[in-house]
Protein chains: 2
Amino acid sequence: MKISLPSALRCIVCSLGLTLTLSAQPSGSRPPPIDSPVVHPDRTATFKFRAPNAQKVELSGQFLRSSQPLQKDESGVWSITVGPIEPNLYPYNFVVDGLGVADPANQDIFPNERFKASLVDIPGEQPSMYAVRDVPHGELTTCYYHSKPLNRTRPLIVYTPPGYRAGTDKYPAFYLVSGTTDTEETWVKVGRVNFILDNLIAAKRAVPMIVVMPYGNMMMGMPRPDTPEVAGMYQVFNEELLGNILPYVEANYRVIADREHRAIAGFSRGGGQSLFTGFNNLDQFAYIGSYSAYLTAAVFDKHFPRVSADPAATNRQLKLLWLGVGKSDFLYPQAIAFMDLMKERKLEHRTLITEGGHTWMNARHYLYETLQLYFK
Amino acid sequence: MKISLPSALRCIVCSLGLTLTLSAQPSGSRPPPIDSPVVHPDRTATFKFRAPNAQKVELSGQFLRSSQPLQKDESGVWSITVGPIEPNLYPYNFVVDGLGVADPANQDIFPNERFKASLVDIPGEQPSMYAVRDVPHGELTTCYYHSKPLNRTRPLIVYTPPGYRAGTDKYPAFYLVSGTTDTEETWVKVGRVNFILDNLIAAKRAVPMIVVMPYGNMMMGMPRPDTPEVAGMYQVFNEELLGNILPYVEANYRVIADREHRAIAGFSRGGGQSLFTGFNNLDQFAYIGSYSAYLTAAVFDKHFPRVSADPAATNRQLKLLWLGVGKSDFLYPQAIAFMDLMKERKLEHRTLITEGGHTWMNARHYLYETLQLYFK
């Protein structure tokens, strides 16, 4: 995001709100702000980072095969120009003497519990699926519900489609779950679900729907499970979603409250949670999506014996079981094994195998594909 | 925010979503996650940061008189325990060999265009004014409007009080403007305006109201002004607020659309914008708040000659002109000069002079005070 400030404002830019590390410097010596990243018309991009004391600064990004070193100028600003880069929205960070940090000059951040990274958008010749186009825009509401399993107030982000606020229509509800270490904001800020849906709805390629994004991490404030079996955490999420989140949404939003108008999907751990909760509640959900995720045969057979006991009945119930994974995803073998398991169990499903790995570019791609399939 | 993950999950925590700097490490050697900050019952707090290669790591925070050095252990984790700390919600960051970075283990970040910092909450014996209490919660909606001055789609965050979604009542509207380099999120994530209002409304100390938070930076994508006169940017904000934001809000939210039910206030540059827009539109706003801000006499006299020409008329119109500043604020002399100017011009106003500087602790405090005065 490019921001120019008149010189009269620059002197106070660094001292407002937070003084922090710059407060000790006399204002006359404060360095000018840096523009980073700057994306050029030929799809190369320049990244800059001020670190006069660093020995080595590298750029790490999912558009690079490996980290690339930046060069330092006499003022202590490191820079690099890379590309041309394939159009997409990518996470990246700087690695400063081995330490990963977000780009201080870039306000587009990747919401996460554990790492700090930034986002760079490389536009193509056509506006991207996630671009802010001149179409009607939906809204994103952060609301708060009480989680009984965790005994705390938790946030929920709800996308409502264009026209919702002024209207009286009811809509189908899509529950979209974040991955490990992501927060309830990640599907919005990295996934750009709202702009993708605005664009698909305007093009009549998706059914207007409500999207509910919970904070998928169910371990907060809980004792560590005695066993590492992930299904224990999936059970807690199942309880939270069915017992607290779904009733909150249905009491507060105009949703069509039946199984044929409910979908659940997620990325990574959120995909596992969605498969588990979906199969566990086929009377509640008719659409299940797994983006770069899986359940093991052991978990599946232990928890859902009735699903595979009568595959014909399950197939009549499930309008869509959608499974996507990238060929270089570190979970690729497990995801493929789950697809094979579904075949063996005679459970109908659709698959999408793409290039790429366990990335948000793939997660966003799978979201885009499946938003055109739900509730149809 | 404390998060415990079972060991089975830990191995994938670092590789999901973003591989980045950790991707080159074999998963067996990945270090365990760090808990930081940890606030102890005696109101001391421990901050930790993994940086095996750093020469020097310091903690910079608005609860410290000066930056404090951390000590490194044999695993490359730096740590420090400071305090006891006066209860409040504080920004802080680490300074690693001179470089300011946010705390990677803390997901509570300070939304800002230019710096990356984290937030630490030091609770007192009583729940704070901004604590998430067991009271009805309002909602925060991010919506999108078209800005004519900037010719782009811009975000707006709107707080609606508890009961809004299900009800039919109309509410007064408070326009709350961010400071320089802040974003439309800063009043929420650092100011905690929603939880403060939830608590004040539950205690019947504030009138239920809608709060509209625009992105105050009006320089984006615009040519640099030919002169550094800040009022030029204030004029653009005035045009945006009256021409685009206010009509959008009044078309989409149930607000009482008259001057006695509109307030405007802001922190720092947002305070200047609020004074300018408020005085420029006394037919539209009856409440004006300035949190750590001012207008110069030159700007005031040039733009608002009619306001001081008939102070009695202005005083009849203005239900509240509220001016707050901290004694160690770097804008203290200018803010005091503005209070003196108001006295000279015989314009009634209320002032609050506090300890402390140009900080978000003060901004939040002024917000808390004034929320109890608006629309009464």
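Residue indices begin from 1 for each chain and proceed along its sequence in written order. Starting at A for chains and at 1 for ligands, labels are handed out in the order in which the entities are written. Only residues with pLDDT of at least 70 get local features here, since the model is predicted, and only at 80 or more are side-chain atom pairs given and counted; chain-wide, interface and lining totals rely on the full set of residues. With hydrogens and water stripped out, all remaining heavy atoms of the structure feed into the side-chain values.

Going by what an unreviewed UniProt entry lists, chain A is known as Putative esterase and is assigned to Opitutus terrae.

## Considerations on the overall build of chain A
A tally of helices and strands in chain A yields 10 helices and 18 strands. For every residue, the accessible area obtained with a 1.4 Å probe (protein chains only) is divided by the maximum for its type, and the residue is called buried under 20%, exposed over 50%, and partly exposed between those limits. Taken over 376 residues, chain A has a buried fraction of 59%. Should any heavy atoms of two residues lie within 4.5 Å, those residues are counted as being in contact. In chain A, the proportion of contacts linking residues at least 24 apart, taken out of those at least 6 apart, comes to 72%. Surface accessibility follows the Shrake-Rupley procedure with a 1.4 Å probe radius. Residue values consider only the protein chains on display as shielding. Split by element, the accessible area of chain A, about 14,600 Å² in all, is 50% carbon and sulfur. By definition, any uninterrupted DSSP run of H or I lasting at least four residues is a helix, any uninterrupted run of E lasting at least two residues is a strand, and each is numbered from the N terminus.

## So, the sheet that holds strand β5 (residues 71–72) of chain B
Residues and elements named next belong to chain B. At least two bridges found by DSSP between two strands is the condition for calling them paired. Read from one edge of the open sheet, four strands run β1-β2-β6-β5, paired in antiparallel fashion. Here the strands that pair on one side only, and so sit at the sheet edges, are β1 (38–39) and β5. Here strand β2 (residues 45–50) pairs with strand β6 (residues 77–82) via six bridges, running antiparallel. Residue pairing across strands places K48 opposite S79, the latter belonging to β6.

## A look at helix α3 (residues 193–202) of chain A
All names here are of chain A. The buried fraction of α3 is high, at nine of 10 residues. Turning to α3, its buried residues are V193, N194, F195, I196, L197, D198, N199, L200 and I201. Downstream of α3 by one or two residues, K204 has phi in the positive range, about 55°.

## As for the pattern of salt bridges
Any carboxyl oxygen of Asp or Glu within 4 Å of a side-chain nitrogen of Lys or Arg constitutes a salt bridge here. Going through the model one piece at a time under the given rule, you end up with 22 salt bridges over all chains. With a shortest N-O distance of 4.0 Å, K189 of chain A and E185 of chain A are connected by a salt bridge. Owing to a relative accessible area of 22%, K189 of chain A belongs among the partly exposed residues under this scheme. Taken together, the shared-partner salt bridges in this structure form one network comprising E185 and K189 of chain A together with E185 and K189 of chain B.

## Focus: the sheet that holds strand β6 (residues 77–82) of chain A
Residue and element names in this part refer to chain A. Spatially, β1-β2-β6-β5 is the arrangement adopted by the four strands of the open sheet, whose pairing is antiparallel. Whereas interior strands pair on both sides, the edge strands pair on one side only; in this sheet they are β1 (38–39) and β5 (71–72). Note that β1 and strand β2 (residues 45–50) share two bridges and pair antiparallel. When the bridges of β2 are listed, V38 appears paired with T46.

## Remarks on the environment of N93 of chain A
Residues and elements named next belong to chain A. In this structure, N93 sits in strand β7 (residues 88–96). Residue classification places N93 among the buried positions, given a relative accessible area of 3%. In sequence terms N93 and Q62 are 31 residues apart; their C-alpha atoms lie 9.6 Å from each other.

## Observations regarding the pairing of strand β14 (residues 210–214) of chain A
All names here are of chain A. Counting buried residues in β14 gives five out of five residues, a clear majority hidden from the surface. Burial along β14 is two-sided: I210, V212 and P214 facing one way and V211 and M213 facing the other are all buried. In terms of strand pairing, strand β12 (residues 152–160) meets β14 through four bridges, oriented antiparallel. Bridging from a neighbouring strand, I157 pairs with M213 of β14.

## Quick word on the side chain of N244 of chain B
Residue and element names in this part refer to chain B. Counting through the fold element by element, N244 comes out in helix α4 (residues 230–252). Note on N244: relative accessible area 14%, which makes it buried. Each residue touching N244, except ones within four places of it in the same chain, is listed here: Y145, H146, S147, K148, P149 and E239.

## Quick notes on unusual backbone geometry
In this model, S36 of chain B is joined to P37 of chain B through a cis peptide bond whose omega is -5°. Mapped onto the fold, P37 of chain B is located in the loop between α1 (7–13) and β1. The omega torsion across G83 of chain B and P84 of chain B is 10°, close enough to zero to call that bond cis. Mapped onto the elements of the fold, P84 of chain B is located in the loop between β6 and β7 (88–96). Positive phi, normally seen in glycine, also occurs at S268 of chain A, with a value near 60°. Structurally, the position occupied by S268 of chain A is in the loop between β15 (262–267) and α5 (269–280). According to the relative accessible area criterion, S268 of chain A is buried, its value standing at 5%. Non-glycine residue R43 of chain B carries a positive phi angle of around 70°. Assignment of secondary structure puts R43 of chain B in the loop between β1 and β2.

## Some remarks on the environment of V135 of chain A
Residues and elements named next belong to chain A. By the secondary structure assignment, V135 is in the loop between β10 (117–122) and β11 (139–147). Taking the C-alpha atoms as reference points, V135 and P162, separated by 27 residues in sequence, lie 9.2 Å from one another. Residues contacting V135, with those up to four places away along its chain left out, are D198, N199 and A202.

## So, the packing of helix α3 (residues 193–202) of chain B against helix α10 (residues 360–371) of chain B
Residue and element names in this part refer to chain B. Here an angle of 0 to 180 degrees is reported between the N-to-C directions of two axes, which are lines fitted to C-alpha atoms, with helices fitted over the stretch in contact. Where α3 contacts α10, the axes come no closer than 11 Å and their chain directions differ by 35°. Crossing handedness for the pair α3 and α10: right-handed. In this structure, α3 contributes V193, I196, L197 and L200 to the contact, and α10 contributes R364, L367, Y368 and L371. Handedness of a crossing follows from how the near helix is turned relative to the far one, being left-handed for an anticlockwise turn of less than a right angle and right-handed for a clockwise one.

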